[in-house]
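Topology and contacts: notes
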Amino acid sequence: QVQLVESGGGLVQAGGSLRLSCAASGRTFSTYAMGWFRQAPGKEREMIAVKSWSGTNTYYADSVKGRFTISRDNAKNTVYLQMNSLKYEDTAVYYCAADTAYGAFYRRPAYWGQGTQVTVSS
């Protein structure tokens, strides 16, 4: 199994920036895609960004396109989400996810982190 741990969440003012990190650990014996979801209270869970192991395949939700950037460091088994020009509506719990199949992100990835809270004020 793979364990995922998010970090970097917190409180930020509208227009500000935040960088989330997700470190994978445990037994990983194949390449895998990693990405980010978010869920605000009373709203549906939203897939916001995904990147394949090689970086060839990348997805961004329309709601974050042009503002958020996903990147990864395979040597560190870590994926990042750089969030710029943050808006109040970006407030949510952000979850890291991973799966050996990129397409699994359109269903449900196999592995999930515990989530990290991002709150945008003003």
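So, a few notes on the structure that sits alongside this text. Here the structure is a predicted model, which means the values were calculated and not measured. (Residues numbered from 1 in each chain as written. Predicted model: local features only at pLDDT ≥ 70, side-chain atom pairs only at ≥ 80, totals over all residues. Heavy atoms only, no water.)

Structural notes on the packing of aromatic side chains
Under the criterion given, the structure shown has 4 aromatic pairs. Each ring, one from F37 and one from F105, has its centre 6.2 Å from the other, and the planes form 10°; the classification is stacked. Pair noted here: F37 is in strand β4 (residues 33-39) and F105 is in the loop between β9 (92-99) and β10 (111-112), with a separation of 68 residues, a long-range link. Judged by relative accessible area, which is 6%, F37 ranks as buried. Positioned above the aromatic ring of F37 is the side chain of R45, whose terminal nitrogen or guanidinium carbon lies 5.9 Å from the ring centre. Directly above the ring of Y32 sits R72, whose terminal nitrogen or CZ lies 5.8 Å from the centroid. (Phe/Tyr/Trp six-rings, centres within 6.5 Å; stacked < 30°, edge-to-face > 60°. Helix = DSSP H or I, 4+ residues; strand = E, 2+ residues; numbered from the N terminus. Buried < 20%, exposed > 50% of the residue type's maximum accessible area, 1.4 Å probe, protein only. Lys NZ or Arg CZ within 6 Å of the ring centre and 35° of its normal.)

Details of the side chain of T91
Note that T91 resides in the loop between β8 (78-83) and β9. According to the relative accessible area criterion, T91 is buried, its value standing at 19%. A distance of 2.9 Å separates a polar side-chain atom of T91 from the backbone oxygen of Y88. Those residues in contact with T91 that lie beyond four places of it in its chain are A40, Q117, V118, T119 and V120. (Polar contact = N/O pair within 3.5 Å; in protein donor to acceptor, adjacent residues only side chain to side chain. Contact = heavy atoms within 4.5 Å.)

Side note on the state of the cysteines
Applying the stated criterion across every chain yields a total of 1 disulfide. The disulfide partner of C22 is C96, and the S-S distance across this bridge is 2.0 Å. Residues C22 and C96 share a disulfide whose torsion about the S-S bond is about -80°; that sign makes it left-handed. Placement of the pair is C22 in strand β3 (residues 18-26) and C96 in strand β9, with a sequence separation of 74 residues. Exposure class is identical for C22 and C96. Each is buried. (Disulfide = S-S within 2.5 Å.)

Purely spatial values, then, with no claim about function.
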